[in-house]
Amino acid sequence: MSFATVISGSIRELSFFRLRRSVVLGIKSLWMHKLRSFLTALGIVFGVASVISMLAIGEGASFEAQQQIKDLGSQNIILESVKPSNTTTAGEQERSLILEYGLTYKDISQIQATVPGVEVTIPSRQVKDFLWNKSSSVDGIALGTVPWFPMMKNRDILRGRFFTDMEMDDRSPVCVLTASLSRNLFPLDEPIGKTVRMQTSYFRVVGVVEDDRAIAAAESEIEGSGENSDGMEMMIPITTLEDHFGEVLFKYRSGSFEAEKVELHEVTARIEKPEQVMPAAQAIQHILERNHKDIDYKMTVPLDLLQRAERTKQIFNIVLGSIAAISLLVGGIGIMNIMLATVTERTREIGIRRALGAKKKDIIFQFLIETVILSGAGGLLGVGVGLAIPMLVTHFAEMVTIIQFWAPTLAFTISVAIGVLFGIYPAFRAADMNPVEALRHE
Amino acid sequence: MPESEAALTASAQQDEPVSSSQSGADDPVIELRGVEKHYQMGSFVVKALRGVDLKIFPGDYMSILGPSGCGKSTMLNILGCLDQPSVGEYLLDGVDVAQLPDDHLSSVRGKKLGFIFQSYNLIQQLTVLENIEVPLYYQGFTEKESREISVPLAEKVGLVARSDHKPTELSGGQQQRVAIARALANDPSVILADEATGNLDSKSGGDILEIFDQLNADGKTLIMITHDETMADRTSRVLRLKDGEIAFDTNVHGR
Ligand SMILES: Nc1ncnc2c1ncn2[C@@H]1O[C@H](COP(=O)(O)OP(=O)(O)O)[C@@H](O)[C@H]1O
Ligand SMILES: [Mg+2]
């Protein structure tokens, strides 16, 4: 008697009522040994629960990572100036004078001239100092940049406007505040039209721009880190910045002045087409390597990070899938083991049923249903636990978890499939018993 | 496989009107022709039955006697389609069931035969009524139809008050009465009992035998294995087996 015949036969005779009675019967038999059934199903419960919760946590983590990367702009290449770690090559005598490092206008013009696909570049330069509104102040940054900065960086203008090309050409003393700076300096009144002071220069506020999402996210994670000027930005035309603060920046640090000369702190290159991003990154790398003796810059390619994150996620999913498969396999073997014991234990019952007119396929169906009830109940319980765990994780660990609707569906389906798979052998063993011998069984 | 099964049911259905039209009592409900049963025991063969010829007629009330190991149970198992003869023919209601495939044997058991065992053989997780309904379940009766049959049967064996009890809550005699009700559920042609009173005290055993007498009086064909000569006295026909052969048969019909 082949499995296909049995199944097709069962389906042919399967009415809803018959199925319902088989299920009721199966539950009665399992209920006879409540603890044993529960313990048997537990393997599946843990398997299914771990699949769902691990998927939800993994999905949440990678979503967060991807979101942060996407906020950087997947068509952007971000260059930053970094103070070189050892300045020996710069020469001993220079150390006492002015430390000169970082990206230059020369870099930018070469990048724009030679790298294919570069649509636009967004240079910026910054000065760190206190920002004042009358007598209240905050430790912040004056960020000199270009009018197309908010558009290219996906930053919404919340109030007013950004500064214009004309204002940049005119080197006007206008500024746009980030939302958090605006909240700090002007907690009660309207910032637009007011002036903000840094050192001896005054700037008129023309707009408020939203905070950098990546920084906002990072900040919500590290709460209450005191000295944090991140995000407290006043954006002014880069030309204005040069006029007011000069080329050399002085810093007073641990009792001595440090002078730095940095032409540009950050340059973002926007690439026209996604497929041009990686070649452009390589070309830019070449240019920078040629122009800089020290590694005094850092290049970030969000698209590259995104692709890496996706690969990591794939590997994670494969590892997860294998662990899940193993745990479900173990659960299935546990079920099969108990079902084999059950079949032996109920040999007499099988003999009775056969004597009273049960066909082999009736016996197969009965035990298969029992196994599926066991694994299905385990699966259902597992889905419940598996949905609860991510919620607890989100609640207590404040991690993002994402439950995709297919995850519990798939996990439950697999648990039922495991019931069928591991129930087949015990069920056939039961059906293949000789009725006479089964009846004689003690 | 389904086609031949349909053929069997069809022939069984056709068979009944034919046999009843031809002065029904003359046609045996059971006929064994030269039935042998061999068991392979390692290198040699045990012959549990050695050429049994037997006709059992509707309404027969027959006891099978004989020393232990003479082949009584073997014969009953073959009569009950639980086992198949190694050699010979077995006609049940005129249909040769000796070499039917397994599924068809199940159908035959479920439709035409009722079993009563020495150790009652009730299903522990089911109630009295549910036990009675087991044969009906395999014949595709609905729950409602089954209830309509099982309740009167429980009444007939005096266990209506215990309808929802589990077997473990019943005495041996009560359990055997449930088994009788179960054997009657499908209204079988023949009821087979293998030492049905063997595990019971004489009082309960007597109750069971009274039910048997009543069933036979109602026209049921009953075949029972027993050790007890006094029980055999109640039956209208006695068959004695010895070493797998019929040693004696009081064929009251003289046929
Ligand atoms: N499954 C079997 N395998 C081998 N021998 C068997 C089997 N069943 C019965 N026998 C043998 O067949 C003979 C008849 O057995 P059985 O019909 O059970 O006797 P009874 O019921 O009259 O006591 C015995 O010798 C027994 O050992
Ligand atoms: Mg015996």
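Residues numbered from 1 in each chain as written. Chains lettered and ligands numbered in written order. Predicted model: local features only at pLDDT ≥ 70, side-chain atom pairs only at ≥ 80, totals over all residues. Heavy atoms only, no water.

Visitor: How should I be thinking about the overall build of chain A in this particular structure?
Guide: Check the secondary structure of chain A and you find 16 helices and 13 strands. In chain A, which comprises 442 residues, the proportion classed as buried is 46%. Carbon and sulfur atoms make up 61% of the accessible area of chain A, which totals about 22,400 Å². (Helix = DSSP H or I, 4+ residues; strand = E, 2+ residues; numbered from the N terminus. Buried < 20%, exposed > 50% of the residue type's maximum accessible area, 1.4 Å probe, protein only. Areas by Shrake-Rupley, 256 points an atom, 1.4 Å probe, with all protein chains shown as cover.)

Visitor: Looking at this model, I keep getting lost on the overall build of chain B. Mind explaining?
Guide: A count of helices and strands for chain B gives eight helices and ten strands. Residues counted as buried form 53% of the 255 residues belonging to chain B. A separation threshold of at least 6 residues defines the contact pool for chain B, and within that pool the share at least 24 residues apart is 70%. Surface accessibility of chain B: about 10,900 Å² in total, with carbon and sulfur atoms responsible for 50%. (Contact = heavy atoms within 4.5 Å.)

Visitor: Help me understand the sheet that holds strand S7 (residues 190–194) of chain B, please; the structure alone is not making it clear to me.
Guide: Across a sheet, strands are paired by hydrogen bonds formed along the backbone, either parallel or antiparallel in direction. All names here are of chain B. Judged by pairing direction, the sheet is mixed, and its six strands sit side by side in the order S6-S7-S8-S3-S9-S10 without closing on themselves. A strand with exactly one partner marks an edge of an open sheet, and here the two such strands are strand S6 (113–116) and strand S10 (245–249). The average angle at which neighbouring strand axes cross in this sheet is 20 degrees, direction not considered. Looking at chain direction, strand S3 (residues 61–65) and strand S8 (residues 221–225) are connected through four bridges and run parallel. Bridging across to S8, Ile 64 finds its partner in Ile 225. Helix H6 (residues 172–184) rests against S6 and S7 of the sheet, and its axis sits at about 170 degrees to S6. (Pairing = 2+ DSSP bridges. Axes fitted to C-alpha atoms, helices over the stretch in contact; angles between N-to-C directions.)

Visitor: Is there a simple way to explain the site of ligand 1 in this structure?
Guide: Surveying the vicinity of ligand 1 reveals the residues Arg 440 of chain A together with Tyr 39, Met 41, Ala 48, Ser 68, Gly 69, Cys 70, Gly 71, Lys 72, Ser 73 and Thr 74 of chain B. Chains contributing residues to the immediate surroundings of ligand 1 are chains A and B. Within the side chain of Ser 73 of chain B, an N or O atom sits 2.7 Å from an oxygen atom of ligand 1. Surface burial for ligand 1 is 70%, taken as the share of its 550 Å² of free accessible area covered by protein chains. Comparing atom positions with the cavity grids shows ligand 1 to sit within the second largest pocket. Counting only elements with at least two residues in the shell around ligand 1, the list comes to strand S1 (30–41) and helix H2 (72–79) of chain B. The element best represented in the shell around ligand 1 is H2 of chain B, accounting for three residues. Looking at the shell around ligand 1 residue by residue, the class counts come to four nonpolar, five polar and two charged. (Near = heavy atom within 4 Å. Polar contact = N/O pair within 3.5 Å; in protein donor to acceptor, adjacent residues only side chain to side chain. 1 Å grid on protein atoms, 1.4 Å probe; cavity = no way out; pocket = protein on both sides within 12 Å on 5 of 7 lines; lining within 4 Å. Sits in = over half its atoms within 2 Å of the grid points. Nonpolar A, V, L, I, M, F, W, Y, C, P; charged D, E, K, R; others polar.)

Visitor: Explain the layout of surface pockets here, please?
Guide: Here the second largest pocket is characterised by a volume of approximately 890 Å³. Forming the walls of the second largest pocket are 36 residues, and the residues nearest its centre are Arg 440 of chain A together with Ser 73, Thr 74, Asn 77 and Asp 194 of chain B. Contributions of two or more residues to the lining of the second largest pocket are made by helix H16 (435–440) of chain A together with strand S2 (44–56), H2, S6 and S7 of chain B. Broken down by element, the lining of the second largest pocket gets its largest block of residues, five residues, from H2 of chain B. (Points joined across faces, edges and corners; volume = space filled by probe spheres on them.)

Visitor: Explain unusual backbone geometry here, please?
Guide: Trans peptide bonds make up most of the peptide bonds, and negative phi angles are found at most residues other than glycine. All names here are of chain B. With phi around 50 degrees, Asp 93 is a residue other than glycine that occupies positive phi space. As for its placement among the helices and strands, Asp 93 is situated in the loop between strand S4 (87–92) and strand S5 (95–96). The residue Asn 121 is not glycine, and still its phi comes out positive at about 55 degrees.

Visitor: Looking at this structure, how should I read the sheet that holds S5 of chain B?
Guide: Residue and element names in this part refer to chain B. The strand order across the open sheet built from four strands is S2-S1-S4-S5, with neighbouring strands paired in antiparallel fashion. Because the sheet does not close on itself, it has two edges, and the strands there are S2 and S5. Both S4 and S5 contribute to a ladder of two bridges, which runs antiparallel. Residue pairing for S5: Leu 91 is matched across the bridge by Asp 96.

Visitor: When you look at the pattern of salt bridges in this model, what are you seeing that I'm missing?
Guide: Residue and element names in this part refer to chain A. A complete count under the given rule lists 33 salt bridges over all chains for this structure. With its nearest N and O atoms 2.8 Å apart, the salt bridge here joins Glu 167 to Arg 161. By relative accessible area, which is 10% here, Glu 167 ends up buried. According to the relative accessible area criterion, Arg 161 is partly exposed, its value standing at 34%. (Salt bridge = Lys/Arg side-chain N within 4 Å of Asp/Glu carboxyl O.)

Visitor: How do you make sense of the interface of chain B and chain A when you look at a structure like this?
Guide: You'll often see interface size given as the accessible area lost when the parts meet. Taken together, the 33 residues of chain B in the interface contact 28 residues of chain A. Together chain B and chain A conceal approximately 2,700 Å² of surface at their shared face, both sides included; 53% is due to carbon and sulfur atoms. On the chain B side of the contact with chain A, Gln 125, Tyr 137 and Tyr 138 of chain B bury the most area, a combined 29% of that side's loss. At the junction of chain B with chain A, the criterion picks out four salt bridges. A salt bridge links Asp 102 of chain B to Arg 354 of chain A, with the shortest nitrogen-to-oxygen separation between them at 2.7 Å. Scanning the region where chain B abuts chain A turns up 14 residue pairs in polar contact (both at pLDDT 80 or more). Of all the secondary-structure elements, those providing two or more residues to the side of chain B that touches chain A are helix H1 (2–21), helix H3 (102–112), helix H4 (128–138) and helix H5 (143–156) of chain B. Among the elements that take part in the side of chain B that touches chain A, H3 of chain B stands out by supplying six residues, more than any other. A class-by-class count of the residues in the side of chain B that touches chain A yields 13 nonpolar, twelve polar and eight charged. (Buried area = accessible area lost by both parts, 1.4 Å probe.)

Visitor: Looking at this model, I keep getting lost on the confidence of the model for chain B. Mind explaining?
Guide: Regions with low pLDDT carry predicted coordinates that are not meant to be interpreted in detail. All names here are of chain B. Of the residues in chain B, 89% have a pLDDT of 70 or more, and the chain-wide mean is 87. Segment residues 1–23: pLDDT under 50, and 20 contacts once partners within four positions in sequence are set aside and those in other chains are kept. The ipTM, which scores confidence in the relative placement of chains, is 0.89 for this predicted complex, and the corresponding pTM is 0.74. (pLDDT = per-residue confidence, 0-100.)

Visitor: Just to check I follow, could you spell out the packing of helix H2 (residues 16–32) of chain A against helix H14 (residues 360–397) of chain A for this structure?
Guide: Residue and element names in this part refer to chain A. For the pair H2 and H14, interaxial distance at closest approach is 9 Å and the crossing angle is 65 degrees. Judged by the angle between their axes, H2 and H14 are roughly perpendicular. Handedness of the H2/H14 crossing: right-handed. Contacts from Arg 18, Leu 19, Ser 22, Val 23, Leu 25, Gly 26, Ile 27, Ser 29 and Leu 30 in H2 reach Asp 362, Phe 365, Gln 366, Ile 369, Glu 370, Ile 373 and Leu 374 in H14. In terms of residue class, the contact of H2 with H14 is made up of nine nonpolar, four polar and three charged. (Parallel < 35°, antiparallel > 145°, perpendicular 65-115°, else oblique. Left-handed = near helix turned anticlockwise from the far one by under 90°.)

Visitor: Mind showing me how you'd approach the packing of aromatic side chains here?
Guide: For the structure on display, the rule yields five aromatic pairs over all chains. Residues Phe 149 of chain A and Phe 162 of chain A carry aromatic rings whose centres are separated by 6.3 Å and whose planes lie at 10 degrees to one another, so their mutual orientation is stacked. Residue Phe 149 of chain A is located in helix H6 (residues 149–152), and its partner Phe 162 of chain A is located in the loop between strand S5 (157–160) and helix H7 (165–169); the two are separated by 13 residues in the primary sequence. Centre to centre, the rings of Tyr 137 of chain B and Tyr 138 of chain B are 5.0 Å apart; their planes meet at 75 degrees, and the pair counts as edge-to-face. Relative accessible area serves as the criterion here: at 9%, Tyr 138 of chain B is assigned to the buried category. Pairwise contacts between aromatic rings join Phe 149, Phe 162 and Phe 163 of chain A into one cluster. (Phe/Tyr/Trp six-rings, centres within 6.5 Å; stacked < 30°, edge-to-face > 60°.)

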